[in-house]
Amino acid sequence: MLKKTKKTALLLKLVSMALLIVMIQSLLTLPAMAAATTLGAAAAQSGRYFGTAISNGKLGDSAYTTIAAREFNMVTPENELKIDATEPQQNVFSFTAGDSILNWATSHGLKMRGHTLAWHSQQPGWMQSLTGTALRNAMINHIQKVMAHYVGKLAAWDVVNEAYADDGTQNRRQSNLQATGNDWIEVAFRTADAVEPGVRLCYNDYNIENWSAAKTQGVYNMVKDFKARGVPIDCVGFQTHFTGGSSLPSNFQTTLSSFAALGVDVALTEVDVTQANTTQYAGLTQACMNVARCIGITVWGVRDSDSWRASEAPLLFDGSGNKKAAYTSVLNVLNSVGGTPQPTNTLQPTNTSTQPVGPTLTRTPTQVVTTGPTATRTSTPTTGPSATPVPTTVGGGGCSPVTATITAPFTKDGAGTFCWQIATIPSYVNNWNNNSVTINGTNYTNIYVGSASLPAKINGFYYISYNGSFAWSHLEVR
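Now for a look at the structure at hand. Given the structure is predicted, the values throughout are model-derived calculations rather than measurements.

1. Description of the side chain of Asp304
Moving on, step 1. Looking at the element boundaries, Asp304 is found in the loop between strand 9 (294-299) and helix 12 (325-337).
Moving on, step 2. The class of Asp304 is buried, set by a relative accessible area of 8%.
Moving on, step 3. Residues within four places of Asp304 in sequence aside, it is in contact with Ala310, Ala313, Pro314, Leu315, Phe317, Asp318, Gly319 and Lys324.

Okay, here's the thing in structure tokens:
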């Protein structure tokens, strides 16, 4: 009986080995996975996207939309979500064109990026006429209202666009927004995060592709500082306009990987290349594919005739919609990466598209202010007089005084009255005899010790400014 059992076991082992050999041979003889035939599908194999800028005015062009719907899995409105388009008159918003693109994209299974919320250019006349606190409040309000309209609908936002000077320095661009205070970019990102913590928040700029360039280093240092202080920034967009005489730098991949090492995703957001040079197109695509946190590429237009630099023929399709040699060079690079999985990136909103555009991760919203009289902001300015706390007395229950500083939350009494008293006047603040306090856009003038009914919170915060002359003009309080 024992011998029979051993023979049976041996027979089973031999059968198992034979089956295993057959399975291995079958796998070895399977045909290779067919290469993807469109840009979006090829990019999606590695969890990335390949997108294009879309103009609402061209959605009636069937040749245009056929290419866009077939080839791409991400779109960016070319002008329809810029400030002059979405808020042509102060606090009067228009989303018709942006919604049109979003509806078209959604109906074709494509995702959409938002571009852009805060920018020195393409501001409507009313915004150009504002300065100081009024402009700062208008910027905050614009971000809040526009983002609120698109909550849960977009994959990312270019929160701030082109804030650095293109003059061979690491300096910020001199603009009306910069004149409101050096913290304006931080305020923009914190405001955006408060509206929608689950959307990717990006800084976007041009001529920051060369790692050796001073402008690149200026943006890098800002992002490094933001990440160190918990400012909610998720990605950096490299416009990658290799037109007008510029070209692909040999260290572009170094730039992408260096930013990615800070803990942000990177993306190529507005790509075009003079005469659609195949070597440069393949090179910029390969640089992105070689960096795990490079989440996608967007070309700035569908056909050459749609480009802002049409005379340079910089895109992947000619004016008749034919694929150019550069198209094939890009597609080949995307397919060479194939199904290589992309490591988890910073975050990705819920994807309702039929085409994947990256893995999912959730960012925890930045805690701006905690509660209680000793609370402090998570980030305090380190330059200028605004770094010094301003002693104040704020009302507690029944407006009884509670000692605090400007870094602490203000309180209100049971009747909903906001109370404050300036206990010490810093020497660097002028004209306190005619002081004013602005709370969420409501101005209270000529009050030294006073109280007022609170306006509504903006996304759970009160934004307060004194006179507009105080350098740290806004603080967030619960």
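2. Some details on the environment of Phe72
Moving on, step 1. Among the secondary structure elements, Phe72 is positioned in the loop between helix 3 (62-71) and strand 2 (74-77).
Moving on, step 2. The exposure class assigned to Phe72 is buried, which follows from its relative accessible area of 1%.
Moving on, step 3. Separated by 226 residues in the primary sequence, Phe72 and Thr298 place their C-alpha atoms 8.9 Å from one another.

3. Focus on helix 12
Count 3.6 residues to each turn of an α-helix, and residues three or four apart come out pointing the same way.
Moving on, step 1. Taking 1.5 Å as the rise per residue, helix 12 with 13 residues should run 18 Å; its terminal C-alpha atoms sit 19 Å apart, in good agreement.
Moving on, step 2. The elements touched by buried residues of helix 12 are helix 2 (39-44), strand 1 (49-54), helix 3 and helix 11 (278-289).

4. Examining the nonpolar core
Moving on, step 1. By size, the foremost hydrophobic cluster in this structure holds 96 residues, and its most contacted members are Phe50, Trp157, Val160, Phe189, Tyr281 and Leu316.
Moving on, step 2. The residues touching Phe189, leaving out its near neighbours within four places in the chain, are Val159, Val160, Leu201, Cys202, Tyr203, Phe226, Val231, Pro232 and Ile233.
Moving on, step 3. Counting residues in hydrophobic clusters, the runner-up holds five residues, among them Tyr49, Met74, Ala155 and Ala267.

5. Some remarks on the pattern of salt bridges
Moving on, step 1. Scanning the model with the defined rule gives 15 salt bridges in all.
Moving on, step 2. Of the charged contacts, one joins Asp306 and Lys58 as a salt bridge, the two residues approaching to 3.1 Å between their closest N and O atoms. You can see Asp306 sitting in the loop between strand 9 and helix 12 and its partner Lys58 sitting in the loop between strand 1 and helix 3, a full 248 residues away along the chain.
Moving on, step 3. The buried category is assigned to Asp306, whose relative accessible area is 6%.

Analysis parameters
Numbering of residues starts from 1 in every chain and runs along the sequence as written. Only residues with pLDDT of 70 or above have their local features reported here, since the model is predicted, and side-chain atom pairs are shown and tallied only from 80 upward, although totals for entire chains, interfaces and linings are computed over all residues. To obtain the side-chain values, all non-hydrogen atoms of the structure were used and water was disregarded. Only runs of H or I of at least four residues qualify as helices and only runs of E of at least two qualify as strands under DSSP, and these elements are numbered from the N terminus. Remark: exposure states derive from per-residue accessible area (1.4 Å probe, protein chains only) relative to the maximum for the residue type, with buried under 20%, exposed over 50%, and partly exposed in between. What makes two residues a contact is simply this: any of their non-hydrogen atoms within 4.5 Å. Any helix carries an expected span of 1.5 Å times its number of residues minus one. We call a set of buried residues a nonpolar core when its members are Ala, Val, Leu, Ile, Met, Phe, Trp, Tyr or Cys and they connect through side-chain atoms within 4.5 Å of each other. Whenever a carboxyl oxygen of Asp or Glu lies within 4 Å of a side-chain nitrogen of Lys or Arg, that contact is scored as a salt bridge.

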